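Analysis of the macromolecular model
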Amino acid sequence: MPASSFTAELAQFGPTSPRRPPTPEAARDYCRRLAQTHYENFKVGSWFLPARLRAHFYPIYAYCRWADDLADEVGDPARSESLLNWWEHELDACYAGTATHPVFVALRETIEEFDIPAEPFRDLLTAFRQDQRQTRYATADELLGYCRHSADPVGRLVLYLGRCHTPRRVALSNSICSGLQWINFCQDVRRDYERGRIYLPHETWRVAGYDEAQFAKQAANEAFRRLLKIEVDRAAELLQGGRDLPGLMPRGLRWQMALFLQGGLAIVRKIRDLDYDVWSQRPVLTKRDKLGIAWQSWRNLPAAAEERR
């Protein structure tokens, strides 16, 4: 959410704000409003969620939204880390049944309904803390390690909501989620650099002949195109590595998973169509693109496949 809006949220619901636990109904309503008003992609995506699961996605989204804003909207890494520690204490209170924050009052019901462990929620906080300390990555393997905490837990939470959290599905989901995160790194080179971060591996800079001085100039030269092509191809490979997952999902989540996958691949195509110049223009999906992806995903929706455990 915008920094000014988050400042108001933090004043009302932050660690120093006195509050009583809201009713479960009020907590669920808070998470629903947060999800539907602060992130267009989630609002559009939620149309395709099964009605029985939609209310449970809202507190999970709200948890992630708050954690992300604590990491990125505070403007002080030390304070962000302190607030992320507070957020983890609130998570502990949620699992202990003593939560007072509306996000965690609502989340408690979802955790109990679907028997979700704390690990995926904690993993996300590990990534957000890492963002306060680390702004460069030496190798693709190191960056993939970051994705294991920043992206993969979201897919695992979806599997818990689908009651289909199995080793094979987890592996396929991790590939898709890491691929989505990776293509987002490529898509947001300029935005991330303006925050002081570069999520493209330094080893690829060297291979392509690009360096920190050229990042500072935002130079969209041939070296940068070589650099980004390597990483866009890597993102596409990760996404394709999870292509069997939609067919292994329960009926109500098969289309949703196909949308995630095809949306990531559409950004791959957008970046290639721009000849990898994401400095000049951030590639985004238009409403027409999203409708086309939704239609094609529906038309090509795989039949249910038997999982090979």
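Note that the structure is predicted; figures quoted are calculated from it, not measured.

1. What to know about the overall build of the protein chain
- Scanning the protein chain from N- to C-terminus turns up 17 helices and zero strands.
- Relative to its length of 309 residues, the protein chain is compact, with a C-alpha radius of gyration of 20 Å against a globular reference of 19 Å.
- Taken over the C-alpha atoms alone, the protein chain extends approximately 55 × 50 × 35 Å along its principal axes.
- Expressed as a percentage of its 309 residues, the buried residues of the protein chain come to 53%.

2. Re the packing of helix α16 (residues 251–273) against helix α17 (residues 287–299)
- Viewed as axis vectors pointing N to C, α16 and α17 meet at an angle of 130 degrees, and their least axial separation amounts to 9 Å. Comparing the axis directions of α16 and α17 gives the class oblique. Of the two possible hands of crossing, α16 and α17 adopt the one that is right-handed. The residues of α17 that touch α16, namely those facing Trp 255, Ala 258, Leu 259, Gln 262, Gly 263, Ala 266 and Lys 270, are Asp 289, Ile 293, Ala 294, Ser 297 and Trp 298.

3. Concerning the confidence of the model for the protein chain
- For the protein chain, mean pLDDT is 91; residues scoring 70 or higher make up 93% of the total.
- Here residues 40–45 is a poorly scored stretch, pLDDT under 50, and it has eight contacts once near neighbours within four places are set aside; other chains count.

4. A short note on the packing of helix α8 (residues 140–150) against helix α10 (residues 167–187)
- α10 packs onto α8 with a crossing angle of 115 degrees between their chain directions and a minimal axis gap of 9 Å. Seen from above, α8 lies across α10 with right-handed handedness. Across the interface between the two elements, Ala 140, Leu 143, Leu 144, Tyr 146, Cys 147 and Ser 150 of α8 pack against Ser 178, Gln 181, Trp 182 and Phe 185 of α10.
- Here the residues of the contact of α8 with α10 are counted per class, giving seven nonpolar, three polar and no charged.

5. Topic: the packing of aromatic side chains
- Tallying each qualifying case throughout the model produces 23 aromatic pairs.
- Centroid distance Trp 87 to Phe 104: 4.6 Å. Interplanar angle 55 degrees. Geometry classified as tilted. Highlighted residues: Trp 87 in helix α5 (residues 77–96) and Phe 104 in helix α6 (residues 102–114), separated in sequence by 17 residues. Pair check on accessibility: Trp 87 and Phe 104 agree, each one buried.
- Relative to Phe 215, the ring of Tyr 210 has its centre 5.0 Å away and its plane inclined at 80 degrees; by these criteria the two rings are edge-to-face.
- For Tyr 210, a relative accessible area of 4% corresponds to the buried category.
- We classify Phe 215 as buried; its relative accessible area is 0%.

6. Focus: the nonpolar core
- Core analysis: the biggest nonpolar cluster contains 92 residues, and Tyr 63, Trp 66, Trp 87, Phe 215 and Leu 228 have the highest contact counts within it.
- Among the elements that line this core, the one with the most residues is helix α4 (residues 51–72), at 12 residues.
- Excluding residues that lie within four positions of it along the chain, Leu 228 makes contacts with Cys 186, Val 189, Leu 200, Ile 271, Tyr 276 and Val 278.

7. Focus on helix α14 (residues 222–241)
- The end-to-end C-alpha separation of α14 is 28 Å, in line with the 28 Å expected for 20 residues at 1.5 Å each.
- Those residues of α14 not exposed but buried are Ala 223, Phe 224, Arg 225, Leu 227, Leu 228, Glu 231, Val 232, Ala 235, Ala 236, Leu 238 and Leu 239.
- Where α14 is buried, its residues contact α10, α11 (189–194), α12 (202–208), α13 (212–217) and α16.
- Looking at where α14 begins, the residue whose side-chain oxygen comes 3.3 Å from the main-chain nitrogen of Ala 223 is Asn 221.

8. Topic: the pattern of salt bridges
- Here the structure, examined in full by the defined rule, presents 26 salt bridges.
- The residue Arg 28 makes a salt bridge to Glu 109 at a minimum N-O spacing of 2.8 Å. Pair noted here: Arg 28 is in helix α2 (residues 24–38) and Glu 109 is in helix α6, with a separation of 81 residues, a long-range link.
- Exposure remark for Arg 28: the relative accessible area of 34% places this residue in the partly exposed category.

9. What about the environment of Thr 204?
- One can find Thr 204 in helix α12.
- Assessed through its relative accessible area of 3%, Thr 204 is described here as buried.
- C-alpha of Thr 204 to C-alpha of Trp 86: the two residues are 118 residues apart in sequence and 37 Å apart in space.
- For Thr 204, the residues in contact, after removing those within four places along its chain, are Leu 227, Ile 230, Glu 231 and Arg 234.
- Here the side chain of Thr 204 touches Glu 231 through a polar contact of 2.5 Å, side chain to side chain.

About the thresholds
- Residues numbered from 1 in each chain as written.
- Predicted model: local features only at pLDDT ≥ 70, side-chain atom pairs only at ≥ 80, totals over all residues.
- Heavy atoms only, no water.
- Helix = DSSP H or I, 4+ residues; strand = E, 2+ residues; numbered from the N terminus.
- Rg over C-alpha atoms; globule rule 2.2 N^0.38 Å.
- Buried < 20%, exposed > 50% of the residue type's maximum accessible area, 1.4 Å probe, protein only.
- Axes fitted to C-alpha atoms, helices over the stretch in contact; angles between N-to-C directions.
- Parallel < 35°, antiparallel > 145°, perpendicular 65-115°, else oblique.
- Left-handed = near helix turned anticlockwise from the far one by under 90°.
- Contact = heavy atoms within 4.5 Å.
- pLDDT = per-residue confidence, 0-100.
- Nonpolar A, V, L, I, M, F, W, Y, C, P; charged D, E, K, R; others polar.
- Phe/Tyr/Trp six-rings, centres within 6.5 Å; stacked < 30°, edge-to-face > 60°.
- Core = buried A, V, L, I, M, F, W, Y, C linked by side-chain atoms within 4.5 Å.
- Expected span 1.5 Å × (residues − 1).
- Polar contact = N/O pair within 3.5 Å; in protein donor to acceptor, adjacent residues only side chain to side chain.
- Salt bridge = Lys/Arg side-chain N within 4 Å of Asp/Glu carboxyl O.

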